[in-house]
Amino acid sequence: MTAGVSSAREMDTVDVAIVGGGVPSLVLATQLARQTPDLRVVVIERSDASARNPQGVLVHPATHVVLERCGMRLPEDAMSGRVEWLEEYRHGRRVGRFDVRHRAVDRDAVYTPYNIGLATLADAALPVFDELVNGHIRYGTTVADAERHAGMWTLMTVGADGARRRMRASLLVAAEGRDSPLRSTSGIGVVRHLFPGHVDVLAVSTRRPGPPAISMVVGDRAATTVVDNGVGPNTLLFDMQPDGREPNPAEVRLRPQVIDRVRAAGLEVAQDTTPLFSTSLRSSTVRCDCWYRDGLLLLGDAAHAMHNLGGQGFNIAVQNAAALAPAISNLLRTGSPTEIREFEEYRIPYVTALQDNQDQFFDALAEGRVSDESWLRPLHEALTLGQSGLSRYIEPVGGLIKNA
Ligand SMILES: Cc1cc2nc3c(=O)[nH]c(=O)nc-3n(C[C@H](O)[C@H](O)[C@H](O)COP(=O)(O)OP(=O)(O)OC[C@H]3O[C@@H](n4cnc5c(N)ncnc54)[C@H](O)[C@@H]3O)c2cc1C
């Protein structure tokens, strides 16, 4: 589509420039490039090509289908971290237990949510990319500035060696995470809701007897999510402390009340356990009044950051990438954003409701007024069935997601 492009490998003028090289960006780029061979797509990522995000995510059944249909081949053991149960405890008592094993069935295949590293997913995505002639990733390149004039974007990029280059693009996709500077220059209305404190993350060497599960253990003005995913000997603990204090990785400790909550979920952790890994996060939700305006599309956390504990941000982002690819091709062909607008109308209220659920729960936790109603119940639906009607936008999930 872009005139004057000599080679996909040397393109300085492209149809779509995606800023940020997370897995959702790779999914969008491969979908666009495969579905529309005359489209030139570039992903610009500031990290080095060998850098990998060490974080893990819970992959939902609909997301799994998207990744598979993208051509990503996961290693045999990649899905070993299948999560079979979601559980919720209040003050040591189990108030909810949800089976997530057999909720989504596509003919004979049964998809169960599983935990996997973003690094493994990126490794699986890159060979697909290598086969594209019209898609390319520029690693070690930071987008420092972007301006739109006469319907075209001009990006200023800075390479690892400090060299500055200009690139032109018809469509700019801001996928540079929840703090997205590109988003804030678009005029799109943004509301950010902060978790009222910090979330300490600790990996400890323990497993429960029995099937892998994710347990939310709610205490008095604090809660711990215990992610026992069946992969290796480690369990991840998210110690949510809505105490108004900033995250400080140097101060993270395995607190006695966390050990009690882990025990309530059926795991044993000794008082003197040294965490294998720890960090501290400031969690937030980000709501945008739309995801597309004037040649700028928001994707992933830039569009709809969620609290890290809901197991949603990555999944919504990958599903959106697959759903939006045909709408983007149409936008570039006809200039009409109608299909993108229709998708926003379908998707944004659903995403906002998930975010409201998260924010309300954490605010109530901070104020010591958590109700007896299970917080995981609506999340359970999102983790297994997904959003009703998704098959209108991602064809392969029809028959997989009940009510789709
Ligand atoms: C501890 C934790 C656990 C989580 N668990 C889950 C889960 O179980 N399930 C789930 O669905 N979600 C989960 N999430 C959320 C999920 O990880 C994110 O929603 C998702 O990874 C966001 O992807 P993204 O591509 O939008 O952003 P990111 O992954 O943040 O990627 C943005 C990229 O942009 C690059 N970048 C930034 N600025 C520039 C620039 N100017 N130029 C070039 N490149 C730039 C960055 O280097 C980065 O690689 C979790 C998050 C955390 C922190």
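The model shown is predicted, which means the values in this text are computed figures rather than measured ones. Note that residues are indexed from 1 along each chain, following the sequence as it is written. Per-residue local features of the predicted model are confined to residues with pLDDT of at least 70, and side-chain atom pairs are confined, for both listing and counting, to 80 or more; whole-chain, interface and lining totals are unaffected and use all residues.

Peer 1: Is there a simple way to explain the site of the ligand in this structure?
Peer 2: Proximity of a residue to a molecule or strand is defined by its backbone-placed C-beta atom lying within 6 Å of that partner. Neighbouring the ligand are 29 residues, the closest being Gly 20, Gly 22, Gly 177, Gly 300 and Gly 313. Helix numbering and strand numbering both begin at the N terminus, where a helix is a DSSP run of H or I of at least 4 residues and a strand a DSSP run of E of at least 2. When contributions to the shell around the ligand are tallied by element, the ones reaching two or more residues are α1 (23–35), β3 (56–59), β11 (141–149), α6 (301–304) and α7 (313–334). Among the elements that take part in the shell around the ligand, α7 stands out by supplying 4 residues, more than any other.

Peer 1: Explanation requested: helix α2 (residues 61–69) in the structure shown.
Peer 2: A turn of α-helix holds 3.6 residues, and therefore any two residues three or four places apart point the same way. Residues with at least 20 neighbouring C-beta atoms inside 10 Å of their own are called buried, those with 12 or fewer are called exposed, and the rest are partly exposed, where every C-beta is derived from the backbone. The buried count for α2 comes to 7 of 9 residues, which makes it a mostly enclosed element. Among all positions in α2, only Pro 61, Ala 62, Thr 63, His 64, Val 65, Val 66 and Leu 67 are buried. Immediately downstream of α2, the backbone of Gly 71 shows phi near 95 degrees, a positive value.

Peer 1: Please clarify how the sheet that holds strand β15 (residues 198–205) should be interpreted in this entry.
Peer 2: The pairing of strands in a sheet happens through backbone hydrogen bonds and is either parallel or antiparallel. Strand order in the open sheet made by the 7 strands is β6-β5-β16-β17-β18-β15-β19, with mixed pairing throughout. Two strands lie at the open edges of the sheet, namely β6 (93–99) and β19 (277–281), each paired on one side alone. Going across the sheet, the axis of each strand differs from the next one's by a mean of 15 degrees, ignoring polarity. Bridging between strand β17 (residues 223–228) and strand β18 (residues 234–241) involves 5 bridges; their strand directions are antiparallel. Think of it this way: DSSP has to see at least two bridges between two strands before they count as a pair. Only the stretch in contact is used when a helix axis is fitted, and all axes are lines through C-alpha atoms; the angle between N-to-C directions ranges over 0 to 180 degrees.

Peer 1: Got a minute to help me understand the packing of α1 against α7 in this structure?
Peer 2: Between two packed helices, both the angle of their axes relative to each other and the distance between the axes serve to describe the pair. α7 packs onto α1 with a crossing angle of 30 degrees between their chain directions and a minimal axis gap of 8 Å. What the angle tells us is that α1 and α7 run roughly parallel. Crossing geometry of α1 relative to α7 is assigned as right-handed. Taking contact as the criterion, the partners of Val 23, Pro 24, Val 27, Leu 28, Gln 31, Leu 32 and Gln 35 in α1 are, on α7, Ala 317, Val 318, Ala 321, Ala 322, Ala 325, Pro 326, Ile 328 and Ser 329. Among the residues making up the contact of α1 with α7, the classes are represented as 12 nonpolar, 3 polar and no charged. With respect to orientation, any angle under 35 degrees is reported as roughly parallel, any angle over 145 as roughly antiparallel, any angle of 65 to 115 as roughly perpendicular, and every other angle as oblique. Crossings are assigned a handedness: left-handed for a near helix turned anticlockwise from the far helix by less than a right angle, right-handed for a clockwise turn. By the convention adopted here, residues are in contact when the distance between their C-beta atoms, placed from the backbone, does not exceed 7 Å. The residue classification treats Ala, Val, Leu, Ile, Met, Phe, Trp, Tyr, Cys and Pro as nonpolar and Asp, Glu, Lys and Arg as charged. All others, Gly included, are polar.

Peer 1: How do you make sense of the sheet that holds strand β4 (residues 81–82) when you look at a structure like this?
Peer 2: The strand order across the open sheet formed by 3 strands is β3-β9-β4, and the pairing between neighbours is antiparallel. The outermost strands of the open sheet, each flanked by one partner alone, are β3 and β4. For β3 and strand β9 (residues 114–117), the ladder comprises 4 bridges, and the chain directions are antiparallel. The residue bridging Gly 56 from the neighbouring strand is Gly 117, located in β9.

Peer 1: How do you make sense of the domain arrangement of the protein chain when you look at a structure like this?
Peer 2: When the parts of a complex come together, some accessible area is lost, and that lost area is often taken as the interface size. Looking at the protein chain, the domain boundaries give domain 1 (8–82 + 103–193 + 284–397) and domain 2 (201–281). For the domain bounds, the source is a domain assignment made automatically or taken from a database. Computed from C-alpha atoms alone, the centre-to-centre distance between domain 1 and domain 2 is 28 Å. The partner domain 2 presents 14 residues to the 13 residues of domain 1 that form the contact. Counting residues per element, the ones that place at least two in the side of domain 1 that touches domain 2 are β4 and α8 (338–366). Ranked by residues supplied to the side of domain 1 that touches domain 2, first place goes to α8 with 3 residues.

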